[in-house]
Amino acid sequence: MKCWLILITVISTVQAKIQYKNLYGREPFGNSFVNMLSAAQGATLFALQGEEFMHAEPPDTTPNNRDQFDFIVVGAGTAGATIASRLSEIPQVRVLLIEAGRSENLVMDIPIIVNFLQFNNDINWKYRTEPSNGYCTAMTDKRCNWPRGRVMGGSSVLNYMIATRGHPKDYDRWAELGNEGWSWKDVLPYFKKLESFNINDYVSNQRVHNKNGPVSIEYPAFHTPLATAFLKAGEELGYPIIDYNSGNESVGFSYLQTTLKDGMRMSSSVAYLHPARFRKNLVVTKNSLVRKVLIDRDTKRAIGVEFVKRGRIFQVYASKEVILSAGAIGSPQILMLSGIGPTGHLQEMGVKPIVDLPVGDNLMDHIGCGALMFQVDQPVGMRFEDLANPMNPYIKDFFFERKGPLTIPGGCEALAFLDVDRPGDRDAYPNIELLFVSTSWASISVGRFDLGINDTVWQETYSKLENTFTWTVFPLLLRPKSRGKIRLRNADINSHPVITANYMDDKEDVRILVEGVRTAVNVSRTNAMKRFGSKVFLAELKGCKEFEMDSDGYWECVTRSITMNIYHYSGTCKMGPSGDPTAVVDPRLRVHGVKGLRVADASIMPEIISAHPNIPTYMIGEKLADMLKEDWGYPTKPQQ
Ligand SMILES: Cc1cc2nc3c(=O)[nH]c(=O)nc-3n(C[C@H](O)[C@H](O)[C@H](O)COP(=O)(O)OP(=O)(O)OC[C@H]3O[C@@H](n4cnc5c(N)ncnc54)[C@H](O)[C@@H]3O)c2cc1C
Ligand SMILES: *[C@@H]1O[C@H](CO)[C@@H](O)[C@H](O)[C@H]1NC(C)=O
Ligand SMILES: *[C@@H]1O[C@H](CO)[C@@H](O)[C@H](O)[C@H]1NC(C)=O
Ligand SMILES: *[C@@H]1O[C@H](CO)[C@@H](O)[C@H](O)[C@H]1NC(C)=O
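In the annotation of an unreviewed UniProt entry, the chain is listed under the name Glucose dehydrogenase [FAD, quinone] and assigned to Fopius arisanus. Looking at the Cofactor (unreviewed entry) heading of the UniProt record, one finds this comment for the chain: "FAD". Turning to the chain, the UniProt record has this under Sequence similarities (unreviewed entry): "Belongs to the GMC oxidoreductase family."

So, in structure tokens, the structure goes:
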């Protein structure tokens, strides 16, 4: 017995002494010159693949002014691409898809690049919230950055590819609010239909997974030692490793399931529009900004839309229906500009009201402390200078085999879903997600521009972490009580709407957020994380000086200063039955009081789901496509 104990102690001491040289392990890399040559060759190969990719997207086709279609879909994002593709499966149905942005390219689909995509004015709407003293106070002008995709694929091209469905209770709650057809049991077939699930550990679970849908879901081809340790830390704390998309395992830790196909981003355009590119009945017009829905004032029926393309104004007509999928900012903006929204506000803006609805209310998002970083003493996390250095094998491994750390979406690698109030309960309804990242915006420094960190704060506080090894947890509040709103700035589609996020308005939100920080710090104190010398970075933020370091007040202040909002805007065209004064669309996503007009995107969520919304938004698109087919008497196709 004693012998065993000694042996185990010896083994663990030896293990603890293992020092990493790089992300791949203890050995130094081989010939750096050879690596560099291979990387250059790989880049050439990639350029050729990029050329091919451009031809795989449906071409840009400008319709004639006054052309008529059966359906017009506005926005080629997550939901819009799905809907246009599914509708055009019926050969006699003519579909027009209108997108404000340009084509997607293959560089955008390199997973590690995601941190840089937001800088590109060309594909990001670059919204910002109004200044606030309650959140994002350490950002430039006290405003949070709100990126949003403006490109074929929409935000599915800018996002971090994290694939989560949400908790069954989220959907049962939607149904409870009067939204018939949206319970977990009702939506599960669509979650299955949309996915091509490629994770060996769980693929045999056919009750919930499917191998033949358009959206590929897999693990990135590589995990850093830190991510592996994060899962071990979970086990140390008594949590299971789970398939968080299975519906029956909700509390636990996991590597991220991601919308990747063979190590590359899979956007909605790649998933749904590339396969539809030869369909004659699907017309896609890009660089086309929709200004409003055309509504017959007498019949209150949507008859078409008006859009601008290269300075020319087009009016196009829909003989059946118009579907807005312009996202949780775009859809309410277009509705209001079309006369559908809060009457008083529309009058103030000089828009003639047609239907009075609470458009733009009920704005929700997921946020957490944006500065919970942990320093480590070994090169086990990601640094920009290592990944971008062609003398390391990382670039070559990516170009030739789609392997290695460049397949990791911006450093996001794992998560935990936990209920901070019932830590021991496996069947709890998680109220916090710990999103694990094997770097930090301070380590890669350009990351601070994504958040918009104020220069003074950067210099004084966080610049000392630049190019060091760190990891981060964003403890995300899954079901915020606070609500924000979106309003028009003026009657011009080119003006960004007024966005009031109202984060942390509710005291209960703040309490759970701080508990989330505490839970993450506990994770850092496990043996698994300590092995790399993990140590929480306690920033001396000038704005938080009045609070004792590491107190609850301190963490609230840090969260209010560096508020990580993870771009899950939703709820602004809330779904609810007729008679619900807070609802904009009914459970079949028809705008209340208007005929021939539906909204289908993240804006219809009556309550934000307790997870990342991209996969749920695909589900919304799939479900709406079937509802349209049912309502117009076309056959629907079940899961392949
Ligand atoms: C940076 C970032 C990271 C994210 N990370 C994740 C993640 O890892 N996992 C996850 O699940 N979710 C993530 N999300 C959220 C997720 O991507 C979105 O919730 C989802 O894409 C929303 O889909 P949508 O169809 O509602 O809108 P979008 O995909 O945004 O599509 C709206 C489309 O409409 C177009 N449009 C808007 N207005 C007009 C107009 N007037 N005329 C013509 N076209 C217009 C836009 O250009 C856009 O293409 C992230 C989002 C962002 C921005
Ligand atoms: C940045 O923060 C400093 C102090 O923290 C403040 O004085 C300054 O106005 C801020 N700058 C901007 C552009 O917000
Ligand atoms: C969930 O279901 C799967 C497949 O049916 C099963 O393997 C797993 O053990 C279940 N998990 C729990 C927590 O019940
Ligand atoms: C963190 O760990 C401490 C010590 O084990 C424990 O008392 C505390 O409840 C934990 N906190 C959370 C939020 O899990």
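Take the pairing of strand β2 (residues 95-98) next. Both faces of β2 are covered, namely the face carrying V95 and L97 and the face carrying L96 and I98. Where strand β1 (residues 68-74) meets β2, 4 bridges bridge the pair, whose relative direction is parallel. Counterpart to I72 in the pairing with β2 is L96. Traced from β1 through helix α3 (residues 78-87) to β2, the parallel crossover comes out right-handed. Here 4 bridges tie β2 to strand β10 (residues 282-285), and the two strands are oriented parallel to one another. Each residue of the ladder has a partner; that of V95, found in β10, is L282.

Turning to helix α12 (residues 394-401), its buried residues are Y394, I395, D397, F398 and F399. The first or second residue beyond α12 is R402, which carries a positive phi of 50 degrees.

Let's shift gears to the packing of helix α5 (residues 168-176) against helix α6 (residues 184-194). For the pair α5 and α6, the least separation of the axes is 8 Å and the interaxial angle reads 125 degrees. Taken together, α5 and α6 sit at an angle that is classed as oblique. In this structure, α5 contributes P168, Y171 and D172 to the contact, and α6 contributes W184, V187 and F191. Split into classes, the residues belonging to the contact of α5 with α6 amount to 5 nonpolar, no polar and 1 charged.

Let us now look at the pattern of salt bridges. Applying the stated criterion across every chain yields a total of 36 salt bridges. The salt bridge involving D70 is made with K320; its shortest N-O contact spans 3.0 Å. Of the two residues, D70 sits in strand β1 while K320 sits in strand β13 (residues 312-324), which places them 250 residues apart along the sequence. The shortest N-O distance in the salt bridge between R511 and D421 comes to 3.0 Å. You can see R511 sitting in helix α15 (residues 507-524) and its partner D421 sitting in the loop between β18 (412-418) and β19 (432-437), a full 90 residues away along the chain. Members of the salt-bridge network, linked through shared partners, are R86, E89, K193, E622, D626 and K629.

Surrounding ligand 4, one finds E515, R518, T519 and N522. N522 is positioned with one of its side-chain polar atoms (N or O) 2.3 Å from an oxygen atom of ligand 4. Contact with the protein chains covers 36% of the free accessible surface of ligand 4, which is 360 Å². Residues of the shell around ligand 4, tallied by class, amount to no nonpolar, 2 polar and 2 charged.

A few words on the site of ligand 3. Lining the immediate environment of ligand 3, one finds N205, R207, N248 and E249. Here an oxygen atom of ligand 3 sits 2.3 Å away from a polar atom, N or O, in the side chain of N248. E249 is positioned such that a nitrogen or oxygen atom in its side chain is 3.4 Å from a nitrogen atom of ligand 3. Its free accessible area being 360 Å², ligand 3 has 38% of it covered by the protein chains. Of the residues contributing to the shell around ligand 3, the split by class is no nonpolar, 2 polar and 2 charged.

Reading guide: rules and limits
- Residues numbered from 1 in each chain as written.
- Chains lettered and ligands numbered in written order.
- Predicted model: local features only at pLDDT ≥ 70, side-chain atom pairs only at ≥ 80, totals over all residues.
- Heavy atoms only, no water.
- UniProt positions renumbered as here; feature names shortened; annotations may be inferred.
- Buried < 20%, exposed > 50% of the residue type's maximum accessible area, 1.4 Å probe, protein only.
- Helix = DSSP H or I, 4+ residues; strand = E, 2+ residues; numbered from the N terminus.
- Pairing = 2+ DSSP bridges.
- Right-handed = clockwise from strand over helix to strand, strands pointing away.
- Axes fitted to C-alpha atoms, helices over the stretch in contact; angles between N-to-C directions.
- Parallel < 35°, antiparallel > 145°, perpendicular 65-115°, else oblique.
- Contact = heavy atoms within 4.5 Å.
- Nonpolar A, V, L, I, M, F, W, Y, C, P; charged D, E, K, R; others polar.
- Salt bridge = Lys/Arg side-chain N within 4 Å of Asp/Glu carboxyl O.
- Near = heavy atom within 4 Å.
- Polar contact = N/O pair within 3.5 Å; in protein donor to acceptor, adjacent residues only side chain to side chain.
- Areas by Shrake-Rupley, 256 points an atom, 1.4 Å probe, with all protein chains shown as cover.

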